[in-house]
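Spelled out, the chains give:
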Amino acid sequence: MALMGQMMSAPLLISSIIKHAARYYGSTEIVSRRTEGDLHRYTYRDCELRARKLAQALGALGVKQGERVGTLAWNGYRHLEIYYGVSGMGAVCHTVNPRLFPEQIAYIVNHAEDGYVFFDLTFLPLVEGVAPHCPNVRGWVAMTDRAHMPAESKVPLLCYEELLDAQDGNYEWPQFDENLASSLCYTSGTTGNPKGALYSHRSTVLHSYASAMPDALGCSASDVILPVVPMFHVNAWGLPYSVPLVGAKLVLPGPKLDGASLYELFEQEKVTFSAGVPTVWLGLLQHMQANQLKFSTFRRTVIGGSAAPPAMIRALEALDVEVIHAWGMTEMSPLGTASKLLAKHHDLPDAERHKIQEKQGRVIYGVDMKIVDGEGKELPWDGKAFGDLLVRGPWIIDRYFRNDASPLVDGWFPTGDVATIDADGFMQITDRSKDVIKSGGEWISSIDIENVAAAHPAVHMAACISAYHPKWDERPLLVVVKKPGAEVSREELLQFFEGKVAKWWIPDDVAFVTEIPLTATGKMQKLRLREQFKDYKLPTA
Ligand code: AMP
């Protein structure tokens, strides 16, 4: 007979995280900028009590285990209570991205079969438009108190604070199978309908442990952590779980994500660590440079969601902020890799060290990755060969919600990204496979081109897309937004590439625009750009 281990068996449940924070970091603060306009502060102890009241209120509303409860909300304490109250009672916390089109939101709410939807007041007009198309939602809950409830609304509303006030908090978190569903996020599919990634308690707790480690996000109780990445985008990269898990002070920026508001909050609350997509840091850096500001406590940030341009990494370092470049996706909970250096790298000359830091980095324990060629044959880890990136692990998707077709290839999940891996295991994304520029059968990395352009002092934002070429099929076209008041010509920009990339990678042309469209998760919308420039005639054509 097999000899079994003799340790206690305790399910890995999300409720255990907030229980731990309340018991061992009970007086540690959570500070939130509210949609009401003010700053709200309370502690992990308060948060857990209110999450228990919410679990009771959901029970009173008839919410059952496994039922989906939607949110349309900013980063704030009530949203955090919903994360824990909903999952903790055994229902599924379904965060919906309010930046999507109303039709997509209705599709997602209906596909998920949300029984209730909680929303911040900012999104009342959105709710009023979407509600008539979501007949199965039993109630829309405004996340505010009675005094701030809208005087009139086209949709009957419940009041969040009233729901909580009706409960006494005398509630024990239920124990159940750690493999039960806990939360749900839809990918913002640029083509076709969004698809749901359904996380479990087990996958979430394991991801929280792993992502908090020093070579991953590196969260500690001595940090003050401000997730700029929204709680409606892959659970804010897991920070609403990993921050209470380590007991750090949590600062939630609410709806105000502009440079000035973020800077004020960073300084006032003594933030040490943050996380967000490149476009957010662009706004913050611009505000700091324009006003010649410095950070007093901010020392480290994670950048992910899109490639962090080297120029941005350097600009943050000049402000004494270490950048951790990270990569992941909704289907991966999301964290896969992070770019922390190895001991042997510290003595390298700056330029060589920078090259390593700019990569998306090494996997955290739990994630396994490989790159393959067109036939599925594994490629060498030499930092040069690039191919389709595949991953597997206990917090990586097996199947999409309510879709039986398996997305896996021999047990691996194809990420849709193209990457290299070097001998030390540092992975670098060269492109999204749809965005690669195929020039005469050879591939050009659009990210490499964008990174060079972003380093030009007159460039605010740059996207590189393919344009039709009669001989080469596709050639790179650089689409550029200039910094306010800055000037640069097409010729000057193209010259800037010389010596920085292979000659045949230099774009054939530059198109100056006033704006590059962004997706609901802050990525440059290259699909839209390609449509916009589909009849573009290259001067070389
Ligand atoms: P999402 O599911 O919205 O988080 O998008 C995931 C996709 O974002 C990945 O498959 C990548 O294409 C892209 N992505 C995420 N992080 C990075 C990064 N650090 N560098 C380049 N692309 C990234």
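Note that the structure is a prediction, hence the values are computed from the model and not measured.

(A) Representation of the overall build of the protein. When helices and strands are tallied, the protein shows 16 helices and 25 strands. Taking 24 Å as the expected radius of gyration for a compact globule of 541 residues, we find that the protein reaches 24 Å, a close match to that expectation. Once the C-alpha set of the protein is aligned to its principal axes, its extents read approximately 70 × 70 × 45 Å. Residues counted as buried form 58% of the 541 residues belonging to the protein. Contacts spanning at least 24 positions in sequence make up 66% of the contacts within the protein whose residues lie at least 6 apart. For the protein, the accessible surface area stands at approximately 23000 Å², while carbon and sulfur atoms represent 52% of it.

(B) Focus on the site of the ligand. The full set close to the ligand counts 15 residues, and A326, T330, Q360, D417 and R432 are the nearest of them. With respect to the ligand, the side chain of H233 contributes an N or O atom lying 3.2 Å from an oxygen atom. Interatomic distance of 2.8 Å between a side-chain N/O atom of Q360 and a nitrogen atom of the ligand. Summarising the interface, the protein chains cover 91% of the accessible area of the ligand, which totals 500 Å² for the free molecule. Residue composition of the shell around the ligand, by class: four nonpolar, eight polar and three charged.

(C) Inspection of the pairing of strand β18 (residues 387-392) at higher detail. Sheet analysis places strand β17 (residues 368-372) next to β18, joined by five bridges and oriented antiparallel. Directly across from M369, in β18, lies its bridge partner V391. The sheet contact formed by β18 and strand β19 (residues 413-421) spans four bridges and is antiparallel. By the bridge assignment for β19, V391 is matched with F413.

(D) The pairing of strand β15 (residues 335-338), seen in detail. Where strand β14 (residues 322-328) lies against β15, three bridges are found, and the strand directions are antiparallel. Within β15, the position partnered with G328 by the bridge is L335. Between the end of β14 and the start of β15, which pair antiparallel, lie six residues, with S333 showing a positive phi angle near 75°. Relative to strand β16 (residues 362-363), β15 is paired through two bridges, and the arrangement is antiparallel. Directly across from T337, in β16, lies its bridge partner V363.

(E) Region of the structure containing the pattern of salt bridges. Taken as a whole, this structure holds 33 salt bridges when the rule is applied. Between E113 and R402 there is a salt bridge, with the nearest N and O atoms lying 4.0 Å from each other. Remark: R402 occurs in the loop between β18 and β19 and E113 occurs in the loop between α4 (102-112) and β5 (114-119); sequence separation between them is 289 residues. Overall, the relative accessible area of 40% leaves E113 in the partly exposed class. Taking relative accessible area as the criterion, R402 reaches 48% and is therefore assigned partly exposed. Across the salt bridge formed by R392 and D368, the nearest N and O atoms sit 2.9 Å from each other. Taken as a pair, R392 in strand β18 and D368 in strand β17 lie far apart in primary sequence, 24 residues in all. Judged by relative accessible area, which is 32%, D368 ranks as partly exposed. A network of salt bridges, in which partner residues are shared, links R34, E36, D38, R50, R78, E81 and E161.

(F) A look at the sheet that holds strand β10 (residues 224-227). With respect to topology, nine strands assemble into an open sheet ordered β2-β1-β11-β10-β12-β13-β14-β15-β16, the strand pairing being mixed. Lying at the two open borders of the sheet, with one neighbouring strand each, are β2 (39-43) and β16. Of the pairings in the sheet, the one linking strand β13 (residues 300-303) to β14 comprises four bridges and is parallel in character. Bridge pairing in β14 places R300 opposite E322.

(G) Just the nonpolar core, in detail. If you look at the biggest cluster of nonpolar residues, it comprises 110 residues, and the most contacted ones within it are Y84, F118, W281 and F295. Shared between two domains, this core takes at least three residues from each, and those domains are domain 1 (15-211) and domain 2 (366-432). Apart from residues no more than four positions distant in its own chain, F118 is found in contact with L54, L58, V69, G70, T71, L72, I82, V141, M143 and Y160. One finds I105, V117, L124 and F232 within the second-largest nonpolar core, a separate group that totals 30 residues.

(H) Inspection of the packing of aromatic side chains at higher detail. Here the structure, examined in full by the defined rule, presents 16 aromatic pairs. On the basis of an interplanar angle of 80° and a centroid distance of 6.0 Å, the ring pair of Y84 and Y241 is categorised as edge-to-face. Of this pair, Y84 sits in helix α3 (residues 77-88) while Y241 sits in helix α9 (residues 239-246), placing them 157 residues apart in sequence. Taking relative accessible area as the criterion, Y84 reaches 0% and is therefore assigned buried. With a relative accessible area of 2%, Y241 lands in the buried category. A centroid spacing of 6.1 Å and a plane angle of 25° characterise the contact between W281 and F298, whose relative ring orientation is stacked. Taken together, the residues W281 in helix α11 (residues 278-291) and F298 in the loop between α11 and β13 connect sequence positions 17 residues apart. Owing to a relative accessible area of 0%, W281 belongs among the buried residues under this scheme. The structure contains a cluster of three or more aromatic residues connected by ring pairs, namely Y263, F266, W281, F295 and F298.

Parameters and conventions
Residues numbered from 1 in each chain as written. Predicted model: local features only at pLDDT ≥ 70, side-chain atom pairs only at ≥ 80, totals over all residues. Heavy atoms only, no water. Helix = DSSP H or I, 4+ residues; strand = E, 2+ residues; numbered from the N terminus. Rg over C-alpha atoms; globule rule 2.2 N^0.38 Å. Buried < 20%, exposed > 50% of the residue type's maximum accessible area, 1.4 Å probe, protein only. Contact = heavy atoms within 4.5 Å. Areas by Shrake-Rupley, 256 points an atom, 1.4 Å probe, with all protein chains shown as cover. Near = heavy atom within 4 Å. Polar contact = N/O pair within 3.5 Å; in protein donor to acceptor, adjacent residues only side chain to side chain. Nonpolar A, V, L, I, M, F, W, Y, C, P; charged D, E, K, R; others polar. Pairing = 2+ DSSP bridges. Salt bridge = Lys/Arg side-chain N within 4 Å of Asp/Glu carboxyl O. Core = buried A, V, L, I, M, F, W, Y, C linked by side-chain atoms within 4.5 Å. Domains from an automatic or database assignment. Phe/Tyr/Trp six-rings, centres within 6.5 Å; stacked < 30°, edge-to-face > 60°.

Interpretation note: all reported values are geometric properties and have no functional meaning in isolation.
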